Amino acid sequence: MAILISGGAGFIGSHTCVELLNAGFDIAVLDNFCNSNAESCKRVEKITGKTFPVYTCDIRDKAGLDKVFAEVKPEAVIHFAGLKAVPESVQKPLLYYDNNIAGTVTLLQAMDDAGCKCIVFSSSATVYGDSNPVPFKEDMTEGNTTNPYGTTKLYIERILKDLCVSDPDWHVCILRYFNPIGAHESGMIGEAPNGIPNNLMPYITQVAVGKREKLSIYGDNYNTPDGTGVRDYIHVTDLAIGHVRAVERALKTAGAEIFNLGTGHGVSVLELVKAFEKACGKPLPYVIAERRPGDIDTSYADASRANELLNWKAERGVDKMCEDSWRWQKNNPNGYDE
Ligand code: NAD
Ligand code: UD1
């Protein structure tokens, strides 16, 4: 019996594959490679010394999914597959609703048909919206998402909860990630965004490696200690280990459960820049720019539920996150493209 990883070739998926294999699980990856490269799976095999099947398939392709489920017979799915670029979701909402929501519905239908009723889902702290106080707790009201990407996460959470009400055999674990950064410490896998990065850490690493001239810091007049935005950055390996604990619990626990995966500590943009300068040993050119629409001043997790029920806690600090992001970028200046 294996765990099927949708979107397993991507940034968080590839790191989760490593930790699942290290924990002794059999896995299979399913991806359409719209935002990833099959090379990441080969590198996961090199890191772990284990092999696994990789299926090229879109989660909206029911017939394709049926074939994969018939072959793999998974006991659970960890569902990463989705589009995640916030500005693109504002430009192309139908693409996001189709890929993320319709895709998830099709995946759930294939799971139901195959009798596989255990899923771990990649949600986001974005579902806490812009009006909850920090730290964010799982029982706070969700909503007020500021873009279609965030709305897809909110709706998928609701679909999963409705499914559990309709059928007590479903086991659902919803994970709300805070801000994943870092890379596997081997430097062999990491985040490889297409085009100009939207997120802070990949932008920083591309400035440090000389691919971009300077970082724009979006606003220094937020209600935070140094005026720049505060986020809960979490090492992707800690996040990946969180998925191992989550799938172990989900296999044993019926109904829908929600967990924040964050460190519980906020770090400002300027603090992250300083930590990265230390890691790469050179100054990072930056300018202060306008605020980015939709950004909130502060976001960090109350991670106590995951600590109690998953026996999970983030272990790696900001310095380690920066060192590992830098090693990955330095060794792979063009990501997985040679
Ligand atoms: P990623 O883009 O690196 O990985 C997503 C993977 O899904 C890619 O390999 C892509 O090719 C695949 N995919 C997309 N649409 C697909 C489809 N229709 N069929 C099959 N495969 C498809 O992104 P990531 O950072 O690894 O994120 C993984 C998940 O976590 C996503 O659902 C994302 O929304 C969520 N998430 C990410 C963050 C973050 O900061 N990275 C934060 C919160 C939530
Ligand atoms: C963003 C998304 C969120 C998504 C997450 C992961 C928005 C509004 N939110 O979160 O929905 O789940 O990515 O994909 O887009 N910053 C700069 N300069 C940059 C980039 C970012 O100063 O070039 C700042 C931002 O203003 C913010 C912090 O860095 O204060 C982190 O930004 P980012 O990495 O994009 O993550 P979030 O905005 O938290």
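Bear in mind the structure is a predicted one, so any value in this text is a computation, not a measurement.

1. Observations concerning the sheet that holds strand β2 (residues 26–31)
Taken together, the 7 strands give an open sheet; going across it, the order is β3-β2-β1-β4-β5-β6-β11, and neighbouring strands pair in parallel fashion. Two strands close off the open sheet at either side, each with one partner strand: β3 (54–56) and β11 (255–261). Averaged over all adjacent pairs, the angle separating strand axes in this sheet is 20°, with direction ignored. The sheet contact formed by β2 and β3 spans 3 bridges and is parallel. If you follow valine 29 over to β3, its bridge partner there is valine 54. Taken strand by strand, helix α6 (residues 148–166) contacts β5 (118–124), β6 (171–177) and β11, and its axis lies near 150° from that of β5. Sitting on the sheet, helix α8 (residues 236–252) touches β1 (2–6), β4 (76–79), β5, β6 and β11, and the angle it makes with β6 is about 160°.

2. Quick word on the site of ligand 2
For ligand 2, the set of nearby residues contains 19 residues, the closest of which are Ser216, Tyr218, Arg231, Arg292 and Asp295. Between asparagine 199 and ligand 2, the recorded distance is 2.9 Å, taken from a side-chain N or O atom to an oxygen atom. One nitrogen or oxygen atom from the main chain of leucine 200 is found 2.8 Å from an oxygen atom belonging to ligand 2. Relative to its unbound accessible area of 740 Å², ligand 2 is 89% covered by the protein chains.

3. Some details on helix α2 (residues 39–48)
All of the buried residues along α2 are Glu39, Ser40, Cys41, Arg43, Val44 and Thr48. Looking at the packing, one finds that the buried side of α2 touches α1 (11–22), β2, β3 and α11 (318–331). After α2 finishes, the residue glycine 49 shows a positive phi value of roughly 70°.

4. Structural notes on the packing of aromatic side chains
Scanning the entire structure with this criterion turns up 5 aromatic pairs. Grouping aromatic residues by their ring pairs yields a cluster made of Tyr128, Phe136 and Phe178. One residue, arginine 176, lies across the ring of tyrosine 128, its end atom 4.9 Å from the ring centre.

5. Considerations on the site of ligand 1
In the vicinity of ligand 1 there are 27 residues, among which Ile12, Asp31, Asn35, Ser36 and Lys84 approach most closely. Measuring from an oxygen atom of ligand 1, one finds a backbone N or O atom of phenylalanine 11 at 2.9 Å. Here ligand 1 has 830 Å² of accessible area as a free molecule, and 95% of this is covered by the chains. Elements that contribute at least two residues to the shell around ligand 1 include exactly α1, β5 and α6. With 3 residues, the single largest contributor to the shell around ligand 1 is β5. Of the residues that constitute the shell around ligand 1, the class distribution is 12 nonpolar, 10 polar and 5 charged.

About the criteria used
Residues numbered from 1 in each chain as written. Chains lettered and ligands numbered in written order. Predicted model: local features only at pLDDT ≥ 70, side-chain atom pairs only at ≥ 80, totals over all residues. Heavy atoms only, no water. Pairing = 2+ DSSP bridges. Helix = DSSP H or I, 4+ residues; strand = E, 2+ residues; numbered from the N terminus. Axes fitted to C-alpha atoms, helices over the stretch in contact; angles between N-to-C directions. Contact = heavy atoms within 4.5 Å. Near = heavy atom within 4 Å. Polar contact = N/O pair within 3.5 Å; in protein donor to acceptor, adjacent residues only side chain to side chain. Areas by Shrake-Rupley, 256 points an atom, 1.4 Å probe, with all protein chains shown as cover. Buried < 20%, exposed > 50% of the residue type's maximum accessible area, 1.4 Å probe, protein only. Phe/Tyr/Trp six-rings, centres within 6.5 Å; stacked < 30°, edge-to-face > 60°. Lys NZ or Arg CZ within 6 Å of the ring centre and 35° of its normal. Nonpolar A, V, L, I, M, F, W, Y, C, P; charged D, E, K, R; others polar.

Read these as spatial facts, not as claims about activity.
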